[in-house]
Amino acid sequence: ALQAAIMRQLHYYPSTASMAPHIVLHEIGAPFDLVLVDRTQDAHRAPDYLRLNPNGTIPVYTEDGLVLYESAAICLHLADTHPQAALMPPLGSAQRAHATKWLLWLTNTLQPALMIYFYPERWSDAGDARGAERLKWHAQQRVGPLLDQLDQTLASHGGPWLLGTAYSVVDPFCLMLCRWTRGMARPARTLPHLGPYLQRVLARPAVQRAYAQEGLGEPRV
């Protein structure tokens, strides 16, 4: 009997946290549909969307009956269900432990600092513009050493990817967050090892396809 085709949908908005899963979908080569969640029209707060993700954040990934939010979880699921793409090291290996560590570090340590940088008003009193500016400044100070940590990791092993020789879901996730630093005083692209690494990630066809579909122009960070 013919197997029914899996219906995959990624609810996205350009240049947001949906970028990493979008790239991973292209890396695994599985067919999927992109569904635009227009943040400028508050589509992420619409009742239909909140039924998929009560947090009202982007992305959401659906696959037949499965509904997933949180970018890292979506990336892990796609890697685990498409082992032939080799986007996560084998279960139980030291490399797998490192891949999980970096994915959690990116989403738990670097990403929150970036969120405070972009949305300081969420963490400050209403109308306190000066307090929000201070928060934004502190967030940028926090991000600097974290980018240094990525740079030093790449320097320490000398490999082309964050894990060393193997490309993994950690790399598009890292690209996505590093791209968010592009307006900072010291963006990720200016660091000696991180800059060339990001260019290597940008050169991947899957990354270029995702950039094109999101209408982001020439792939850059």
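A. Region of the structure containing the sheet that holds strand 1 (residues 8-12). Strand order in this open sheet of four strands is 2-1-3-4, and the pairing throughout is mixed. Of all strands in the sheet, those bounded by a partner on one side alone are strand 2 (33-36) and strand 4 (66-69). The mean angle between the axes of side-by-side strands here comes to 20 degrees, regardless of whether they run parallel or antiparallel. Relative to strand 3 (residues 60-63), strand 1 runs antiparallel, the two being bridged by four bridges. Looking across to strand 3, one finds that His11 is bridged to Val60.

B. Structural context of the side chain of His11. Within the element layout of this structure, His11 appears in strand 1. Excluding its chain neighbours within four sequence positions, the residues that come into contact with His11 are Ser18, Val35, Val37, Tyr49, Leu52, Ile58, Pro59, Val60 and Thr62.

C. View of the packing of aromatic side chains. Under the criterion given, the structure shown has three aromatic pairs. Look at Trp102 and Trp105: their rings are 5.2 Å apart centre to centre, the planes differ by 80 degrees, and that puts the pair in the edge-to-face class. Here Trp105 and Trp102 lie together in helix 4 (residues 94-118), a separation of three residues that amounts to about one turn. Taken together, a centroid distance of 4.9 Å and an interplanar angle of 80 degrees make the contact between Trp161 and Tyr167 edge-to-face.

D. Structural detail: the nonpolar core. Core analysis: the biggest nonpolar cluster contains 61 residues, and Leu110, Leu150, Phe173, Leu175, Leu194 and Tyr197 have the highest contact counts within it. The set of elements that each furnish at least two residues to this core consists of strand 1, helix 1 (19-28), helix 3 (71-81), helix 4, helix 5 (129-157), helix 6 (170-179), helix 7 (194-202) and helix 8 (205-213). With sequence-adjacent residues up to four places away left out, Tyr197 is seen in contact with Leu154, Pro160, Trp161, Leu162, Asp171 and Cys174.

E. Layout of helix 8. For helix 8, the full list of buried residues reads Ala206, Val207, Ala210 and Tyr211. Across the axial projection of helix 8, the buried residues extend over an arc of 135 degrees, all falling on one side. In helix 8, the exposed positions angled more than 90 degrees off the buried face are occupied by Pro205 and Ala212. Its buried side turned inward, helix 8 meets helix 1, helix 6 and helix 7. Immediately beyond the C-terminal end of helix 8, within one or two residues, lies Gly215, with a positive phi of roughly 65 degrees.

F. Quick peek at unusual backbone geometry. Cis rather than trans, the peptide bond between Ile58 and Pro59 has omega equal to 15 degrees. With respect to the helices and strands, the residue Pro59 is situated in the loop between helix 2 (47-52) and strand 3. For Asp64, which is not glycine, the phi torsion reads 55 degrees and is therefore positive. Looking at the element boundaries, Asp64 is found in the loop between strand 3 and strand 4.

G. Layout of the pairing of strand 3. Residue alternation in strand 3 divides its side chains into two sets, Val60 and Thr62 and Tyr61 and Glu63, and both sets are buried. Direction of pairing for strand 3 relative to strand 4: antiparallel, over a ladder of four bridges. Pairing of Glu63 across the sheet is with Leu66, part of strand 4. Where strand 3 folds back onto strand 4 in an antiparallel hairpin, the turn is made up of two residues, including Asp64, whose phi is positive at roughly 55 degrees.

The rules behind each value
- Residues numbered from 1 in each chain as written.
- Predicted model: local features only at pLDDT ≥ 70, side-chain atom pairs only at ≥ 80, totals over all residues.
- Heavy atoms only, no water.
- Pairing = 2+ DSSP bridges.
- Helix = DSSP H or I, 4+ residues; strand = E, 2+ residues; numbered from the N terminus.
- Axes fitted to C-alpha atoms, helices over the stretch in contact; angles between N-to-C directions.
- Contact = heavy atoms within 4.5 Å.
- Phe/Tyr/Trp six-rings, centres within 6.5 Å; stacked < 30°, edge-to-face > 60°.
- Core = buried A, V, L, I, M, F, W, Y, C linked by side-chain atoms within 4.5 Å.
- Buried < 20%, exposed > 50% of the residue type's maximum accessible area, 1.4 Å probe, protein only.
- Arc of directions from axis to C-beta.

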